[in-house]
Amino acid sequence: MAKKAIASLAVLATAAVAMSGCAGGGGSDDASNTIDGDVTGDIKVVTWRTDLVEDGTFDKYAAEFNKKYPDVKVTFEGITDYAGEMLTRMSTTNYGDVIGIPAIQPDQYEQFLEPLGETADFEDTYRFLPAASYDGTQYGIAFGGNANGIVYNKKVFEEAGVTALPTTEEEWLAALQKVKDNTDAIPMYTNYKDGWPLTQSFGNLGAITNDPDAPITMAEDPAPWTEGSDVYAIDGLLYDTVAAGLTEDDPLTTNWEQSKVDLGTGKIATMPLGSWAISQMQAAAEDNGASADDIGFMAFPANVDGTQLAVIGGDYNLAVSKHSKAKAAAWAWIQWVVADSGYTETQGMVSPLKDAPLPDSLTDFEDAGVQLMEINPAPAGKEGLLNEVSSDSQIDLYGPIYRQKLVDIARGAAEGDKASYFAELNERWGASVEKLAN
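Quick look at the structure, then. (Residues numbered from 1 in each chain as written. Predicted model: local features only at pLDDT ≥ 70, side-chain atom pairs only at ≥ 80, totals over all residues. Heavy atoms only, no water.)

**Examining the overall build of the protein chain**
So the rule is basically this: Secondary structure elements are defined from DSSP: runs of H or I of at least 4 residues count as helices, runs of E of at least 2 residues count as strands, and each element is numbered from the N terminus. Only C-alpha atoms enter the radius of gyration; for comparison, a globular chain is expected to reach 2.2 Å times N to the power 0.38, where N is the number of residues. Accessible area is worked out with a 1.4 Å probe on protein chains only. A residue is then buried under 20% of its type maximum, exposed over 50%, and partly exposed in between.
Counting its secondary structure elements, the protein chain contains 17 helices and 14 strands. Its C-alpha atoms give the protein chain a radius of gyration of 22 Å, near enough to 22 Å, the size a compact globule of 438 residues would have. Projected onto its principal axes, the C-alpha coordinates of the protein chain cover approximately 65 × 55 × 40 Å. The buried share of the protein chain, reckoned over its 438 residues, is 56%.

**Topic: the sheet that holds strand E4 (residues 117-118)**
Strand pairs in the sheet, formed through backbone hydrogen bonds, run parallel or antiparallel to each other. Worth spelling out the cut-off: DSSP calls a pair of strands paired once it identifies at least 2 bridges connecting them.
Strands sit in the order E4-E6-E5 across an open sheet of 3 strands; the sheet is antiparallel. Because the sheet does not close on itself, it has two edges, and the strands there are E4 and strand E5 (133-134). Judged from the 2 bridges that link them, E4 and strand E6 (residues 137-138) form a sheet pairing that is antiparallel. When the bridges of E6 are listed, Gly 117 appears paired with Gln 138.

**Section: the pairing of strand E12 (residues 309-314)**
Here E12 lies mainly inside the structure; 6 of its 6 residues are buried. By the alternation rule, side chains of E12 split into Leu 309, Val 311 and Gly 313 and Ala 310, Ile 312 and Gly 314, which are all buried. Bridge count for strand E8 (residues 145-153) against E12 is 3 bridges, and the pairing is antiparallel. When the sheet's bridge partners are listed, Asn 146 is paired in E12 with Gly 313.

**Quick word on helix H15 (residues 385-393)**
Among all positions in H15, only Leu 385, Leu 386, Asn 387, Val 389, Ser 390 and Ser 393 are buried. Looking one or two residues past H15, Gln 394 carries a phi angle of roughly 55°, positive in sign.

**What about unusual backbone geometry?**
The phi torsion at Asn 210 lies on the positive side, around 55°, for a residue other than glycine. Relative to the assigned elements, Asn 210 resides in the loop between strand E9 (186-188) and helix H8 (214-219). One non-glycine residue with positive phi stands out, namely Gln 394, at about 55°. Along the chain, Gln 394 falls in the loop between H15 and helix H16 (401-410).

**Description of the environment of Gly 136**
Here is the rule: By definition, residues are in contact when any of their heavy atoms lie within 4.5 Å.
Structurally, Gly 136 is set in the loop between E5 and E6. With a relative accessible area of 33%, Gly 136 lands in the partly exposed category. C-alpha separation for the pair Gly 136 and Thr 88, spaced 48 residues apart in sequence, amounts to 27 Å. Setting aside residues no more than four positions away along its own chain, Gly 136 makes contact with Gly 117, Glu 118 and Thr 119.

**Describing the pattern of salt bridges**
Let me state the cut-off plainly: Think of a salt bridge as a Lys or Arg side-chain nitrogen and an Asp or Glu carboxyl oxygen that are within 4 Å of each other.
Applying the stated criterion across every chain yields a total of 14 salt bridges. Arg 49 is the partner of Asp 51 in a salt bridge, and the nearest nitrogen-oxygen pair spans 2.8 Å. Overall, the relative accessible area of 23% leaves Asp 51 in the partly exposed class. Owing to a relative accessible area of 1%, Arg 49 belongs among the buried residues under this scheme. Its salt-bridge partner being Glu 424, residue Arg 428 comes within 3.1 Å of it at the nearest N-O pair. Here Glu 424 and Arg 428 lie together in helix H17 (residues 418-437), a separation of 4 residues that amounts to about one turn. The partly exposed category is assigned to Arg 428, whose relative accessible area is 29%. Salt bridges here are not isolated pairs; linked through shared partners, they connect Lys 44, Glu 77, Glu 85 and Arg 89.

This is the structure:
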């Protein structure tokens, strides 16, 4: 299951361009078919959580939902390549009733999604609103939230002689070297072949410098791959870890599903992922004769004046299709599944509900002194700026291509070094920053 913590933020301009001209308007001529109408009808929930479709979890949710709303029939469709396939589907009018918002620009929300109400009316109840809001209107509610950091195997660290979690890159590299020297585990697994796991560390943007405006800071910086910045630290850690020989031998043959088992059973020590992955690693451990207690979660190895920070943000935002013929039922499902299904509790995720407690996995995080932070909404007129620069420069911040090249250079499979590649990225990025500022 390719599930991404920052997917709801990945509103790349290229995707928006690809879908320009798509039909807008409602999916029914019935004027009463709004989110405030009768909670009846058939709804299809299209989801990236293929595992929860296959194991029957969603069907159990539907049975509980029907106790409150007996006149709604809920069906589910799981898509493995959710991010890619949904963009294709949304060029039609048939993309489900409840969806996780894929990579479309915020100014296109109204073409594809039913407005839920004014964002201001949701602010006292929900976290993570900005990613699914545009011009004061709310189009989606996060299914759950994640903290960004690194999943690790505690037992491997203990066997390696790592007694304190790293808070700097130097400590990180030293800890992984101990893993390499003293155990048979792969110190860090990139999941290069699947690609999307390489994007996970970008969710730490802001945590390295304690900058809640980090996306705008980067969007306006003509040379963000410069020492002292968030993205320099994030991509530099990946490069230096690979260059030090602390990752898998052949990144071209990595396998995401197997990597969960391998981290759970101690064959892999660390993987940079969101906190959403904790429960999956714990399940993989238990299913393969190890203990869920072996799975830990640490902050990105950086600190500001001795304090580590971790960005929390929403996962995919659940939204009602503009073309749904049962919009009230679709909206009722979203509200119920977020508040009453128990999803975030069982997944170890941060609830979108502000009054809900943090999951156990993150209370431990806080006990370690890690401070949680949220990224501020972009100022008016700059909502899509980071994505615009990313698209114009053809540096896929939310995709794997430039990071795969970074790994290739670091392992000697492509020409260059860290300095030359970061200089190239800065040149391309800076040209786009200047272009879009004029």
